[in-house]
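Results of the structural survey
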2 protein chains.
Amino acid sequence: MGRLRAPNISVSLDGFATGEGQSIDAPFGHAGRRLHGWFFATPTWPGHHPGEEQTLAPGAEEDDVFARRAFEGFGAEIMGAGKYGPPGWQDDPDWQGWWGEEPPFQSPVFVLTHRPRPSLTLGETTFHFLDATPEQALRQARDAAGELDVRLGGGPTTIREFLSADLVDALHLVVVPIVLGRGERIWDGQEGLEERFDLRSTTTGSGVTHLEFMRKPR
Amino acid sequence: MGRLRAPNISVSLDGFATGEGQSIDAPFGHAGRRLHGWFFATPTWPGHHPGEEQTLAPGAEEDDVFARRAFEGFGAEIMGAGKYGPPGWQDDPDWQGWWGEEPPFQSPVFVLTHRPRPSLTLGETTFHFLDATPEQALRQARDAAGELDVRLGGGPTTIREFLSADLVDALHLVVVPIVLGRGERIWDGQEGLEERFDLRSTTTGSGVTHLEFMRKPR
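About the criteria used
Residues numbered from 1 in each chain as written. Chains lettered and ligands numbered in written order. Predicted model: local features only at pLDDT ≥ 70, side-chain atom pairs only at ≥ 80, totals over all residues. Helix = DSSP H or I, 4+ residues; strand = E, 2+ residues; numbered from the N terminus. Rg over C-alpha atoms; globule rule 2.2 N^0.38 Å. Contact = placed C-beta atoms within 7 Å. Least-squares fit on C-alpha atoms with pLDDT ≥ 70 in both. pLDDT = per-residue confidence, 0-100. Pairing = 2+ DSSP bridges. Nonpolar A, V, L, I, M, F, W, Y, C, P; charged D, E, K, R; others polar. Axes fitted to C-alpha atoms, helices over the stretch in contact; angles between N-to-C directions. Buried ≥ 20, exposed ≤ 12 C-beta atoms within 10 Å, placed from the backbone. Arc of directions from axis to C-beta.

**Concerning the overall build of chain A**
- In terms of regular secondary structure, chain A is built from five helices and eleven strands.
- Taking 17 Å as the expected radius of gyration for a compact globule of 218 residues, we find that chain A reaches 17 Å, a close match to that expectation.
- Overall size of chain A, expressed as C-alpha extent along the three principal axes, is 45 × 45 × 35 Å.
- Taking contacts inside chain A between residues at least 6 apart in sequence as the whole, the part at least 24 apart equals 69%.

Spelled out as structure tokens, the structure:
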């Protein structure tokens, strides 16, 4: 059975995984692009133009080792409503996510929402909308993923719910050296998390610290 | 003129620099010794017995490079009331701090409190009690320190006050891989701190990450 892994979750020093004031123009609120700058600098980021001459910033190759893993070995994704669209997307029947006609998931994606809608296929990605507990959603995603892992894609509320239900096998946080001051906290309700996980910390030349939480054998 | 440096400030992943429920039996509340375990493992920690055979834990030598700096080049210390004693020490005229007859400071120590008392000399350390703003306290401590630096010794509230007043030249935080869940936060009110400081991050074999904030030239 595949593992449930949450990769590439960027957080500020003060533990915010997204900023305040999320909207269609500001998916991460006042954090802007600051939380994910380390990722945009890696070769793995799909936003580079083909053939673009890329001068790698310090640490980008080290960071890329981590970034790549977020795209390898997954057969399905689970995401929260807050990742699928800006606040209020449930009122817009035409909202199809942020990712255009060819979303990068290329697998079934299970979107947790209290207001489900019919499934939507865009390119090689099919979004399914579930009003379900973390356990139920994971069961469906595992069925869809077969032998492969399931990606837990965020946002922070969803990560916390799955951590609290002790369903997460691997969590990769990237601590970015900024103090956001406000937004959505990743750590709330997670007191004692370290008792259930082994942790490896790696600081790279870009200044971020990768925290790899690996669930201890049960 | 010496710098104001805050060294060896341990914080949990979720940004707590002390736990909840501080008392005379639990100076760091429910955090116990967990925030400072990395320090106790270094040769610099003064609690080792003379002649003790010490087998260094992984990373302890790397950590010691940082730990040592907390004891070098200082001519005075400023600390908050919360560091000098457990809640309510102001009501006990006999309270003389946690450190016994020979406190490790061996310099003037300026204790910020709204209820000053007469100065107290123990061994080579003299405690002065000030009801003062951060600026006023720093002026007095600098006068006492001469050419040497002034140590900002904590607790978290005091660190935050001096950061907010932009008086801190160097801040050394040690991020310990535990999630405390409750206590006193170090980051509150510090949004955008990174704009005023250069930052170097170093993860050691003990699993902690040293964050060195160095004030940019004004």
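**Here's the deal with the relation of the copies chain A and chain B**
- With an RMSD of 0.0 Å, the fit of chain A onto chain B corresponds to turning through 180 degrees and sliding 0.0 Å along the axis. Such a combination of turn and shift is consistent with a two-fold rotation axis. Residue Thr 203 of chain A of chain A places its C-alpha closer to the rotation axis than any other residue of that unit, at 2.9 Å.
- When the interface residues of chain A are mapped onto chain B, 100% of them again lie at the interface, so the same face is used by both copies.

**Details of the confidence of the model for chain A**
- In the predicted model, chain A carries a mean pLDDT of 95, and the fraction of residues at 70 or more is 97%.
- Across the predicted assembly, pTM comes out at 0.93 and ipTM at 0.91.

**Some words on the pairing of strand β10 (residues 197-203) of chain B**
Residues and elements named next belong to chain B.
- Note that β10 and strand β11 (residues 209-215) share seven bridges and pair antiparallel. Paired with Arg 200 across the strands is Glu 212, a residue of β11.
- If you look at the hairpin formed by β10 and β11, you'll find five residues sitting between the two strands, and Gly 207 has a positive phi there, around 100 degrees.

**Description of the interface of chain A and chain B**
- Contacts between the two partners involve 20 residues from chain A, matched on the other side by 20 residues from chain B.
- Take the side of chain A that touches chain B: its biggest share by element is four residues, from strand β10 (residues 197-203) of chain A.
- For the side of chain A that touches chain B, the residue count by class is eight nonpolar, nine polar and three charged.

**Re the sheet that holds strand β6 (residues 125-130) of chain A**
Residues and elements named next belong to chain A.
- Spatially, β5-β6-β4-β3-β7-β1-β8-β11-β10 is the arrangement adopted by the nine strands of the open sheet, whose pairing is mixed. Each having just a single partner strand, β5 (120-122) and β10 make up the two edges of the open sheet. Ignoring strand direction, the axes of neighbouring strands in this sheet form an average angle of 20 degrees.
- Sheet contacts for helix α4 (residues 134-145): β1 (4-12), β3 (74-80), β4 (108-112), β6 and β7 (149-152); angle to β3, the most-contacted strand, approximately 155 degrees.

**Some remarks on helix α2 (residues 60-69) of chain A**
All names here are of chain A.
- Along α2, the residues that are buried comprise Ala 60, Asp 63, Phe 66 and Ala 67. The arc enclosing the buried residues of α2, seen along the axis, measures out at 120 degrees, which places them on a common side.
- In this fold, the buried residues of α2 make contact with β1, α1 (37-40), β8 (170-176) and β11 (209-215).

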